[in-house]
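Chain by chain, the residues run as shown.
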Amino acid sequence: MKYTLPLDIVQLEPGNFHLFVDVSIGGISCRLLLDTGASKTVLDAERVLRFVKAAKIKSHESKSIGLGVTDMETRVVTLKNIEMKKFTRKKMEVAILPLRHVNSTYAILNVPVIDGVLGSDFLVKYNAVIAMGKSRLILRK
C-alpha cells in the first residue's frame, strides 16, 4: 500500500533547505526533520517526555555518534500509536539524543523547533521516495 505525506520544505538560507514532516505520537503533534543521512530515528532528549513517561526510557548497549555528539550512551524508547496522515504504526523504537543545538539554530532562523529526526532506518524500511517538486514523502508498507 502506498501513502503520500506532505513535506514542509524550508529554505534556511539561499540554496540551503531542510525537510520536515508532521507526525502524531499517541495523539500528540510532533515535528520531525527528515534526514536521509541519519542512520536512526531520534527524539530530542528534552522533548521526549511529551510523548512517553521517563520510566519507559531504557539504556542501550551501543554508543551514538553524530548530530554533534560523540561516544554518548544511547537511550531508547518504544513509541506507540505513530500516525502520519493515513500511515500508522502501532509501535516504533527510537533513540534519544540531545537536539538543543539544532533547535537553537532553528530559533535564530525563525524555524519552528523539532521534536526529533526521521532517519534512514524508517525511510529504508518503508521504501521512502522524496518528491521534492511536489513536497511529498511517499511510503510503501
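All of the points below concern the structure found in this document. (Residues numbered from 1 in each chain as written. Predicted model: local features only at pLDDT ≥ 70, side-chain atom pairs only at ≥ 80, totals over all residues. Heavy atoms only, no water.)

Moving on to the pairing of strand β11 (residues 136-140). Relative to β11, strand β1 (residues 2-6) is paired through 5 bridges, and the arrangement is antiparallel. For leucine 5, the partnering residue across the bridge sits in β11 and is leucine 137. A loop of 4 residues connects strand β10 (residues 129-131) with β11, the two strands running antiparallel in sequence, and serine 135 in this loop sits at a positive phi of about 50°. (Pairing = 2+ DSSP bridges. Helix = DSSP H or I, 4+ residues; strand = E, 2+ residues; numbered from the N terminus.)

Once that is clear, we can look at unusual backbone geometry. In the Ramachandran plot, lysine 85 falls in the positive-phi region, its phi being about 55° despite a non-glycine side chain. Here lysine 85 is to be found in the loop between β7 (69-84) and β8 (87-97). With a phi close to 50°, serine 135 is a non-glycine residue in the positive phi region. By the secondary structure assignment, serine 135 is in the loop between β10 and β11. Given a relative accessible area of 25%, serine 135 falls into the partly exposed group. (Buried < 20%, exposed > 50% of the residue type's maximum accessible area, 1.4 Å probe, protein only.)

Membership of the largest hydrophobic core comes to 29 residues, with the highest contact counts inside it found for Phe122 and Leu139. Contributions of two or more residues to this core are made by β1, β3 (16-25), β4 (28-34), β7, β8, α2 (120-125) and β11. Look past the residues within four positions of phenylalanine 122 in its chain and what remains in contact with it is Thr41, Met84, Phe87, Arg89, Met92 and Leu139. Of all hydrophobic cores here, the second largest spans 14 residues; its members include Leu33, Ala95, Leu97 and Val117. (Core = buried A, V, L, I, M, F, W, Y, C linked by side-chain atoms within 4.5 Å. Contact = heavy atoms within 4.5 Å.)

Moving on: helix α1 (residues 100-108). Three- or four-residue spacings in an α-helix give side chains the same orientation, since the helix completes a turn every 3.6 residues. The set of residues buried in α1 consists of Val102, Asn103 and Tyr106. Taken end-on, α1 shows its buried residues confined to a sector of 90°, consistent with a single buried face. What points out from α1, more than 90 degrees from its buried face, is the exposed set Arg100 and Ile108. Elements that come into contact with the buried residues of α1 comprise β2 (8-13), β3, β4 and β5 (42-44). (Arc of directions from axis to C-beta.)

Looking now at the packing of aromatic side chains. One pass over the full model with this rule turns up 5 aromatic pairs. With a centroid separation of 5.6 Å and an interplanar angle of 70°, the aromatic rings of phenylalanine 20 and tyrosine 106 are classed as edge-to-face. Pair noted here: phenylalanine 20 is in strand β3 and tyrosine 106 is in helix α1, with a separation of 86 residues, a long-range link. For the residue pair phenylalanine 20 and tyrosine 106, the accessibility class agrees, reading buried in each case. Of the aromatic side chains, those joined through ring pairs into one cluster are Tyr3, Phe87, Phe122 and Tyr126. Against the face of phenylalanine 20 rests arginine 31, its NZ or CZ located 4.2 Å from the ring centre. When the ring centre of phenylalanine 87 is taken as origin, the NZ or CZ atom of lysine 141, which lies over that ring, is 5.0 Å away. (Phe/Tyr/Trp six-rings, centres within 6.5 Å; stacked < 30°, edge-to-face > 60°. Lys NZ or Arg CZ within 6 Å of the ring centre and 35° of its normal.)

By themselves, these figures tell us nothing about what the structure is for.
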